[in-house]
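Each chain, written out:
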Amino acid sequence: MKKPFMLAPLYLLMAFLPLPSIATGAAQDSQTTPQKIDPLKDEAQALKGCVDALLAGIRPIANTRDQRFQGKVILANALCRGGQNTVQFRLTPWVDWTNYWGTGDMASLPSGFLSTKGPEFRGVTGALVDLEFERVELVKFNLFDNSGTYQDYINGRNGTGGPALKTWAQMRLPATDPNYAAVGGAGEQVCKGDLVRGRTVNGECNDVRNPLMGSTGTLFARNVEFDTAFPEQGQSELTRNRHGNRLTLTQPDPEVISRVLFTRNQSTPDTCKLGFGLANNSVDANCDYQKAPFFNVLAAYWIQFMTHDWFSHMEEGHNAPGLEDVGCKTKLVDGAEVPLTPEDIQKLACRPADQVDKPYVAQDSAPDTFKANGKTYQTRAAKTFTNTNTAWWDASQIYGYDDTSVKRVKRDPSDMAKLLLEQAPDPYPTHATGELFLPVLQHSDPQQPQWAGQESVGFPDNFTIGLSFLHNLFVREHNSFVAEFRRQAALTPTADSGLRNPSNPKHVITYSEVTPDELYTAARLVVSAEIAKVHTIEWTPQLLYNEPLNKGMNANWNGLLGAGDPDVSKALSDIITKNFGKSKDVAKATQWYSVFASGPGIFGLGSTASNYDITKADSINGGVNHFGSPFNFPEEFVSVYRLHPLIPDLLEYRDFHKDPNQIVQKIAVINTFEGKETDAMRNGGMANWGVTLGRQRLGILTLHNHPQFMQNILLPRLDTPTKQIDLAAMDIIRDREHGVPRFNEFRRQYGLRQLTSYDDFIDHHLDPASDAYKQQQQIVTELRQVYGTHTCDASKVITDAQVNEDKTPINDCLGHPNGSVVDNIEDVDTVVGYLAESTRPHGFAISETQFVVFILNASRRLFSDRFFTSSFRPEFYTTMGRDWVVNNGPGPEQIEKGSPNGHTQPVSPLKRILIRNIPELKPELDPVINAFDPWARDRGQYYSLAWKPRPGAETDPAFKQ
């Protein structure tokens, strides 16, 4: 296989081929049925398509939002990359690359061709080009900061275009901040000294020239135009036309949506008991759920572990004072909301008396406006909200994010570089084995009443057995690094540790001189980077299980060059950071920066400069790029991480020490929440819970797959008649309160093609006679029941984010004749829409719509963080710490046996972390390639999704279900 770098010119050439000539606004006939394809004819047409695509010339990046790529290619490219199989699905709303050759399992490779290598290469490469093109346009069109910088983003400042700006007055520390004087006070603010040596508790000074950025208490951003947010308010004529005054915070009714569209149907309700299982954790309990064969329950808890690091709207586990309804009040009948009857309520099993506490709102006054380019802009969204966590990937869920949370982080008094782990008390079974766990919260620790008895961590809210497992694992990993460092210090006490103090940069800090606080800080950097690496190259490629995303995510971290040519990687890194990164030219600073970063990868950008100086801000900060907009997570990112269907109602508990192939208990997930997780972990131990979470399949992100217990959660802290909440309904309420646009406009805003009816949700790759197709038709019926229809008015323009093929505005009829009865597709909540998407790329556990949000923000959180770019150096991490992150642990990199999916692959970071810290799991994990793939599954050939046991797991009852 050719080195990826040799393909870079082809990536760039293919990236700019002409825009498609398919209508974006007209209703299209997407009732496509797969056609039989003649391989010889297909191969000839494909080769001609490749020639035609090259002759068509270079396509431009869109100048305006309505010219965007939309993931749809011209006919010639469709033929070249996927033949007739791609062509026949071009009229659907979904991206084209999912139908290219090589982007699925073995069935995605062409049959009957002289060779499959050329088509596979064109298909996978074409998919990578499409994805990079999407990223470039997302960076260009989807950054909206709420903190007051947006006017500069549009207008620029002092001759520098807005997207090329690097600093903002709004990102200065205020005079009330304890570090105000240390960063420069009222003058130029630049972080230095101890403030730059590691991750600060509250996230300040990650960007040394914008010390406030990403810190605790800063505002969530947006990825959508400000005036499209909060559609219920009808701020603009376009929004009012789009929704026809049909929307309120509770209409369509969130609890009705939950019960009609989200509920997991049960074949034996008496053995599920609304998700609470049977007495004594009986193995006879059963709660049906739709399972993903290639993703395990550990992966579901992993993303909760991540979100606890990234964002929160709550303050210490509570919302604002006051209560509000969540629904079970009305339903839609003939286009009008009418009250539910007692019979309706009984049939739906919803609760009209449910209420939930209100959210905190940072700003809700009318935003200022300004004029530019003949258009009026808002300076922020109609409401803003505070991120009460740090926005950085800094493991703040473990280490804390403010002065209160850090008091729950227990350091080991016998070695202050370590975190405290304690032996379980007698009579827990794990007491006899000497296994160590996180300490339990003490009365003197800051806590809410519902946290009593649970393990003490930085972010303790919504704590579960899965979070307990991951917190304990990474605290063990922290201590493993410290122990290895101590071992090396004993062997070579006078050797250079790599660490440096910017206050005395020429002094070589030897191993023996590293203080406990310095080692603790370095260990936090190592653990944070390991977590980011696990998520980027292990969790995400299993979430998006196909070849383009495997290549793409590894390119984000290691680059397309990988480790093959370090000199070329360094040269490219220097070009990117010294030329594009410092450029005042918008295209160089954003578009070309993003494209060329694919060569060396984002991780470590700017860290290899020959003249690096730890005392200079330009060196420390040299690899970061915010693309003209201060980094924080957008509200839309929070929305697409509402992933509750991943969780089963019951956990299939196994005893690893006896027989991991046997399920010995069915434990209700709800019985492992908060303080109950402490008993569960100390009774079972890490090995048993590891194999339990590692072997069980998680739920598919789809409609009719929310855990039943989540619709019936008891919350005693609520002063309401029911003291219960439907969490699925609350997801809808929170998205509406946070101003997330409805699904169709959400897609337009992100540069995806709109839908024109509920029928577009049906996957037309399916045989219309199949049960799966009929089930999707039933979902369409349910969507019409919940969201309804209306008589359209073609005189009402509904969006300016896209236009029709003939450049006319998109109107209320979405291409249907004026006066037609059309679906209220514009009213569908975003969470409902992305769960309804049945047409997805191969191996995608999430939808196309969720994924496009991820394309933008997954890259930005690496690009913006200096500890993943220019500060990924021994001066901060220590030499051992840097090597530990690169090699996935101590010593040299280890390589997996064989060629998983055709690749030579290092042993994955999480697999090594698990074996290093729970060594008894080594026999279970030896055959595992990715720790988020069910541990007993045979991965088969090229991205197979088959559910069959690996050797030794044939008796596991999960494979008989």
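Everything discussed here concerns the structure shown above.
It should be emphasised that the depicted structure is a prediction, and the values quoted were computed from it without experimental measurement.

**Observations regarding the overall build of the protein**
What the protein contains, in helices and strands, is 28 helices and 16 strands. Here the protein has a C-alpha radius of gyration of 27 Å; the compact-globule value for 961 residues is 30 Å, and the two agree. For the protein, the spread of C-alpha atoms along the three principal axes comes to 80 × 65 × 65 Å. Taking all 961 residues of the protein together, 63% fall into the buried category. Partitioning the intrachain contacts of the protein with sequence separation of at least 6 by distance along the chain shows that 74% fall at a separation of at least 24. Roughly 34300 Å² of accessible area belongs to the protein as shown, and the carbon and sulfur atoms make up 54% of that amount. Here the protein contributes 94 positively and 112 negatively charged side chains, and the mean placements of these two sets differ by 4 Å.

**A closer look at helix α24 (residues 848–863)**
In this model α24 runs 23 Å from its N-terminal to its C-terminal C-alpha over 16 residues, within 8% of the 22 Å that 1.5 Å per residue would give. Maximal helix bending in α24 amounts to about 30°, located at F854. Among the 16 residues in α24, 16 count as buried, and that is most of the element.

**Thoughts on the environment of I732**
On the secondary structure map, I732 appears in helix α20 (residues 727–737). For the pair I732 and V326, spaced 406 residues apart in the sequence, the C-alpha separation amounts to 9.0 Å. Apart from residues lying up to four places away in sequence, I732 is in contact with P254, I257, F262, D829, V831 and V832.

**Overview of the environment of N558**
Along the polypeptide, N558 turns up in the loop between α14 (547–557) and α15 (566–580). Taking the C-alpha atoms as reference points, N558 and K533, separated by 25 residues in sequence, lie 9.9 Å from one another.

**Re the side chain of N550**
Among the structural elements, N550 can be located in helix α14. For N550, a relative accessible area of 17% puts it in the buried group. When neighbours within four sequence positions are excluded, N550 is seen to be in contact with P541, H903 and Y943.

**Section: the nonpolar core**
With 225 residues, the main nonpolar core has F469, F474 and V832 as its most contacted residues. Looking at this core, the element that brings in the most residues is helix α13 (residues 516–543), giving 13 residues. If sequence neighbours within four positions are ignored, F469 has contacts with L298, M681, M686, W689, G690, L693, L914 and I918.

**A short note on the pattern of salt bridges**
Using the criterion set out here, one finds 55 salt bridges in the structure. Salt-bridge contacts for D496 lead to R500; the nearest nitrogen and oxygen are separated by 2.9 Å. The class for R500 is buried, based on a relative accessible area of 14%. The partner of D829 in a salt bridge is R742, and the shortest N-O contact between them spans 3.5 Å.

**A short note on the state of the cysteines**
Within the structure shown, the criterion is met by five disulfides. Between the sulfur atoms of C191 and its disulfide partner C205 the distance amounts to 2.1 Å. Across the disulfide from C191 to C205, rotation about the S-S bond amounts to roughly -75°, and the bridge is consequently left-handed. A residue pair is termed long-range when its members are at least 10 positions apart, and C191 in the loop between α5 (150–155) and α6 (237–243) and C205 in the loop between α5 and α6 qualify at 14 residues. The burial state of C191 is the same as that of C205; both residues are buried.

**Quick notes on helix α2 (residues 39–55)**
An α-helical turn contains 3.6 residues, so any two residues separated by three or four positions project in the same direction. The end-to-end C-alpha separation of α2 is 24 Å, in line with the 24 Å expected for 17 residues at 1.5 Å each. Among the residues making up α2, those that are buried are D42, E43, A46, G49, C50 and A53. For α2, the arc enclosing every buried residue in end-on projection is 120°, short of the 170-degree limit, so these residues lie on one face. Pointing more than 90 degrees away from the buried face of α2 are the exposed residues L40, K41, K48 and L55. Check the buried side of α2 and you find it contacts α3 (75–87) and α4 (117–141). The opening residue of α2, the one whose side-chain oxygen lies 3.1 Å from the backbone nitrogen of L40, is D38.

**What about the packing of aromatic side chains?**
Under the criterion given, the structure shown has 47 aromatic pairs. Ring geometry for Y150 versus Y153: centroids 6.0 Å apart, planes at 20°, classification stacked. Here Y150 and its partner Y153 are both found in helix α5, three residues apart, which amounts to about one turn of the helix. Using a relative accessible area of 10% as the deciding quantity, one classes Y153 as buried. The interplanar angle of 40° and the centroid separation of 4.8 Å between the aromatic rings of F485 and Y511 together place this pair among those described as tilted. In this pair, F485 is assigned in helix α12 (residues 465–491) and Y511 in the loop between α12 and α13, connecting sequence segments 26 residues apart. By the ring-pair criterion, three or more aromatic residues cluster together here, those being W310, F311, W392, W393, W557, F631, F633, F637, Y641 and F868. Over the ring of F868 we find R199, and its NZ or CZ is 5.0 Å from the ring centre.

**A word on unusual backbone geometry**
Along the chain, Q251 connects to P252 via a cis peptide bond; the corresponding omega equals -5°. Its place among the elements puts P252 in the loop between α6 and α7 (254–262). Here D426 and P427 are connected by a cis peptide whose omega angle stands at 15°. Take P427: it is sitting in the loop between β8 (422–423) and α11 (429–433).

Criteria and cut-off values
- Residues numbered from 1 in each chain as written.
- Predicted model: local features only at pLDDT ≥ 70, side-chain atom pairs only at ≥ 80, totals over all residues.
- Heavy atoms only, no water.
- Helix = DSSP H or I, 4+ residues; strand = E, 2+ residues; numbered from the N terminus.
- Rg over C-alpha atoms; globule rule 2.2 N^0.38 Å.
- Buried < 20%, exposed > 50% of the residue type's maximum accessible area, 1.4 Å probe, protein only.
- Contact = heavy atoms within 4.5 Å.
- Areas by Shrake-Rupley, 256 points an atom, 1.4 Å probe, with all protein chains shown as cover.
- Lys, Arg positive; Asp, Glu negative; His and termini not counted.
- Charge placed at Lys NZ, Arg CZ, Asp CG, Glu CD.
- Expected span 1.5 Å × (residues − 1).
- Bend = angle between axes of the 7 residues up to and from the residue.
- Core = buried A, V, L, I, M, F, W, Y, C linked by side-chain atoms within 4.5 Å.
- Salt bridge = Lys/Arg side-chain N within 4 Å of Asp/Glu carboxyl O.
- Disulfide = S-S within 2.5 Å.
- Arc of directions from axis to C-beta.
- Polar contact = N/O pair within 3.5 Å; in protein donor to acceptor, adjacent residues only side chain to side chain.
- Phe/Tyr/Trp six-rings, centres within 6.5 Å; stacked < 30°, edge-to-face > 60°.
- Lys NZ or Arg CZ within 6 Å of the ring centre and 35° of its normal.

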